[in-house]
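Structural overview for review
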Amino acid sequence: MEAKLEKRYGLPTAIAMVVGIVVGSGVFFKAEKILTATGGNLKQGILAWVIGGIIMISCAYTFSVMATKYEYINGIVDYAEATMGGKYAYYVGWFMALIYYPTITSVLAWVSARYTCVIFGFPITGGECMTIAGFYLIANFALNSLSPVLAGKFQVSTTVIKLIPLSLMAIIGTFTGLRSGMTLYNFTHYVSQSTPNGLFTAVVAACFAYEGWIIATCINAELKNAKRNLPLALISGTFIIMTVYILYYIGLAGAVENEVIMAGGEAGAKLAFQTVFSSVGGSLLFIFVIISCLGTLNGLMLGCTRGIYSIAARGLGPKPQIFSQIDPSTNMPANSAILGLLLCSTWLFYFYGANLTDSWFGFFSFDSSELPIVTLYALYIPIFIMFMVKGNDLNFFNRILMPCLSLAGCIFMMIAAWFAHGIAVIAYLIVFLAIMSTAAFLLRKTKRPLEK
């Protein structure tokens, strides 16, 4: 009998996965970028967090409605197939497997290594950092490939651990600030004038910090009672994330003056924690950041190991008979996982050469941590449109209103990418088209007919 993925994850794990994948290093350090973009205007900064949260929650809600209707192998690929047909789903799966999962996973491995280097006093762009990043990639690959259940428990544990410093700052920082008057001061005094696109830039930063929830849909075939639990996980998880982010942001305002955090750069959050919890607490922050990043890396690797499997399980892509195999002992797509690790290593090499050196790749140097995310939002657009067309059995709220709100958020992200990255977008699109052309070549060779 052909091996299939088991129903092994419950609702708590799914919620922890949504929260754990999204809450990473971004929440600790995007706060300073938002403050800087808005000139220290806390009210405008909170508005940016709210707008970014609305984009995330609206898209998550729309996909949660889809989750009650469709269930197969890999969430986003399922939804693409159900709305746009097999051919579009194939291209989405190819993009997720070869670009999205490995690019974001490789960057998170580097970020985790970066904060590890801060503790040991190593340079954050040198050989030590890249060696640690490679170790984190391999270790997380081994955890997900050899013991998926243990990887799920690790996800839950790191989610709880990473919420500790955020919750402490949200509660104690706010209480301290209200008592000392620091919160009122920061809400009524601006450090500088907001830039012309201040709110726009701040929302982009917030949206980047919110990214990752869609990856949790990759386990819908392994989730117990997926049609009930996946929507609950997506909706409750994204609401938890937005609430925690906003309260943490307010907590920072009660710890130190806005200008101190803005001038501190990456050390801004550390300065705030040292003020509230002493120098020991500030040092412990970096340990929490590492745990936070490793938890996010674990969730990303979970999607990465299943990336090419979602294509091969449909009889498509390179050697589907190989990459669709399930290991009978671990119940994991082992061959797909190995290819996922190779792709992560390749993109880690690219990220180092394009962003941490003197641009080894010249014109083709772009930020592989942000542009693939924006591409995913672009790929959502036809899915949402066709979902509205085909959702005859849904009410107005689920069929029209929420998908339209999701579409507006996706379009916003595309516009934001051009303003944020400029000509690098062209370089990225060339690489993107080259990779997708390979997908088209393999599709022409397949004998399986696909619905357009």
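Keep in mind that what you see is a predicted model, and the values were worked out from it rather than measured.

Examining the overall build of the protein
Within the protein, the secondary structure is distributed over 18 helices and zero strands. The burial tally for the protein puts 59% of its 452 residues in the buried class. Within the protein, residue pairs in contact and separated by at least 24 positions form 81% of the contacts whose partners lie at least 6 positions apart. On the protein, roughly 17600 Å² of surface is accessible, and the fraction owed to carbon and sulfur atoms is 69%.

So, the packing of helix α1 (residues 11–22) against helix α10 (residues 226–253)
As a packed pair, α1 and α10 sit with axes 8 Å apart at the nearest point and diverge in direction by 40 degrees. It follows from the interaxial angle that α1 and α10 lie oblique. The crossing of α1 and α10 is right-handed. Contacts between α1 and α10 pair L11, A14, I15, V18, V19 and V22 from the former with R228, N229, L232, A233, L234, S236, G237, T238, I240, I241 and Y245 from the latter.

What to know about the environment of Y88
Turning to its location among the elements, Y88 is positioned in helix α5 (residues 86–120). Note on Y88: relative accessible area 18%, which makes it buried. Residues Y88 and V77, spaced eleven residues apart in sequence, show a C-alpha to C-alpha distance of 8.7 Å. With residues near it in sequence (within four places) discarded, Y88 still touches A80, L379, P382 and I383.

Regarding a nonpolar patch on the surface
A surface patch of nonpolar side chains, about 650 Å² in accessible area, is lined by F363, F364, W418, I423, I426, L429 and I430. Of all the elements, helix α18 (residues 424–445) adds the most residues to the nonpolar patch, at three residues. Along the chain, the position of L429 falls in helix α18. The partly exposed category is assigned to L429, whose relative accessible area is 36%.

Section: α5
Taking 1.5 Å as the rise per residue, α5 with 35 residues should run 51 Å; its terminal C-alpha atoms sit 49 Å apart, in good agreement. Of all bends in α5, the biggest is about 45 degrees, found at M96. Burial analysis of α5 places 30 of its 35 residues in the buried class, which makes it a mostly covered element. Looking at the residues trailing α5, positive phi occurs at G121, about 80 degrees.

Examining unusual backbone geometry
The phi dihedral of K319 is positive, around 45 degrees, even though this residue is not glycine. Along the polypeptide, K319 turns up in the loop between α13 (307–312) and α14 (320–323).

Details of the nonpolar core
Here is a general trend for soluble globular proteins: nonpolar side chains tend to be buried in one another's company. Counting 144 residues, the largest nonpolar core has F63, W94, F95, W213 and Y380 as the members making the most contacts within it. Broken down by element, this core gets its largest block of residues, 21 residues, from α5. When residues no more than four places from it in sequence are discounted, the contact partners of F95 are Y100, P372, T375, L376, L379, Y428, F432 and M436.

Describing the confidence of the model for the protein
The predicted structure's coordinates, where accompanied by low pLDDT, should not be read in detail. When the pLDDT values of the protein are averaged, the result is 82; 90% of them are 70 or greater. Helix α11 (residues 258–264) is the least confidently modelled element of the protein, averaging 74 in pLDDT, while α18 averages 92, the highest of any element.

Some words on the packing of aromatic side chains
By the definition in use, this model includes 27 aromatic pairs. Between W347 and Y350, the ring centres sit 5.5 Å apart and the planes meet at 80 degrees, which makes this aromatic pair edge-to-face. Within this pair, W347 and its partner Y350 are both found in helix α15 (residues 334–355), separated by three residues, close to a single helical turn. By relative accessible area, which is 11% here, Y350 ends up buried. The interplanar angle of 70 degrees and the centroid separation of 5.5 Å between the aromatic rings of Y377 and Y380 together place this pair among those described as edge-to-face. Here Y377 pairs with Y380, and both are found in helix α16 (residues 371–390), just three residues apart, close to one helical turn. Residue Y377 is classed as buried on the basis of its relative accessible area of 2%. On the basis of relative accessible area, Y380 is assigned to the buried category, the value being 1%.

Looking at the packing of helix α6 (residues 127–146) against α15
If you want to describe how two helices pack, look at the angle between their axes and the distance between the axes. The N-to-C vectors of α6 and α15 enclose an angle of 160 degrees; their axes lie 11 Å apart at closest approach. In this view, α6 runs roughly antiparallel relative to α15, as classed from their interaxial angle. The two elements α6 and α15 cross, and the hand of that crossing is right-handed. Every residue of α15 that contacts α6 at M130, A133, G134, L137, I138, F141 and S145 is listed here: A337, I338, L341, C344, S345, L348 and Y352.

Basis of the calculations
- Per chain, residue numbering runs from 1 following the sequence as it is written.
- Only residues with pLDDT of at least 70 get local features here, since the model is predicted, and only at 80 or more are side-chain atom pairs given and counted; chain-wide, interface and lining totals rely on the full set of residues.
- Excluding hydrogens and water, the side-chain values take into account all heavy atoms of the structure.
- Helix and strand definitions follow DSSP, with helices as H or I runs of at least four residues and strands as E runs of at least two, each counted in order from the N terminus.
- Accessibility here uses a 1.4 Å probe with only protein chains present; expressed as a share of the type maximum, an area under 20% marks a residue as buried, one over 50% as exposed, and anything in between as partly exposed.
- Contacts are residue-level and defined by heavy atoms, with any inter-residue pair within 4.5 Å sufficient.
- The Shrake-Rupley method, run with a 1.4 Å probe sphere, supplies the accessible areas, and residue values consider only the shown protein chains as cover.
- Each axis is a line fitted through C-alpha atoms, and for a helix only the stretch in contact is used; angles between axes span 0 to 180 degrees, taken between their N-to-C directions.
- Our angle categories are set so that under 35 degrees counts as roughly parallel, over 145 as roughly antiparallel, 65 to 115 as roughly perpendicular, and the remainder as oblique.
- Take the far helix as your reference; a near helix turned counterclockwise from it by less than a right angle gives a left-handed crossing, and one turned clockwise gives a right-handed crossing.
- Patch criteria: residues need more than 30% relative accessible area and no salt bridge. Like-charged residues are merged within 9 Å; nonpolar side chains of Val, Leu, Ile, Met, Phe, Trp and Tyr are merged within 5 Å.
- Basic side-chain nitrogens of Lys or Arg form a salt bridge, by our definition, when they fall within 4 Å of a carboxyl oxygen of Asp or Glu.
- Expected helix span is taken as 1.5 Å per residue step, with the number of steps being one fewer than the number of residues.
- The bend at a residue is defined as the angle formed between two axes, one fitted to the seven residues ending at that residue and one fitted to the seven starting there.
- In these notes, a set of buried Ala, Val, Leu, Ile, Met, Phe, Trp, Tyr and Cys residues joined through side-chain atoms within 4.5 Å is what counts as a nonpolar core.
- How sure the predictor is of each residue is captured by pLDDT, a score from 0 to 100.
- Note on aromatic pairs: the rings of Phe, Tyr and Trp (six-membered ring only in Trp) are paired at centre separations within 6.5 Å, and the planes decide the class, stacked below 30 degrees, edge-to-face beyond 60, tilted for the rest.

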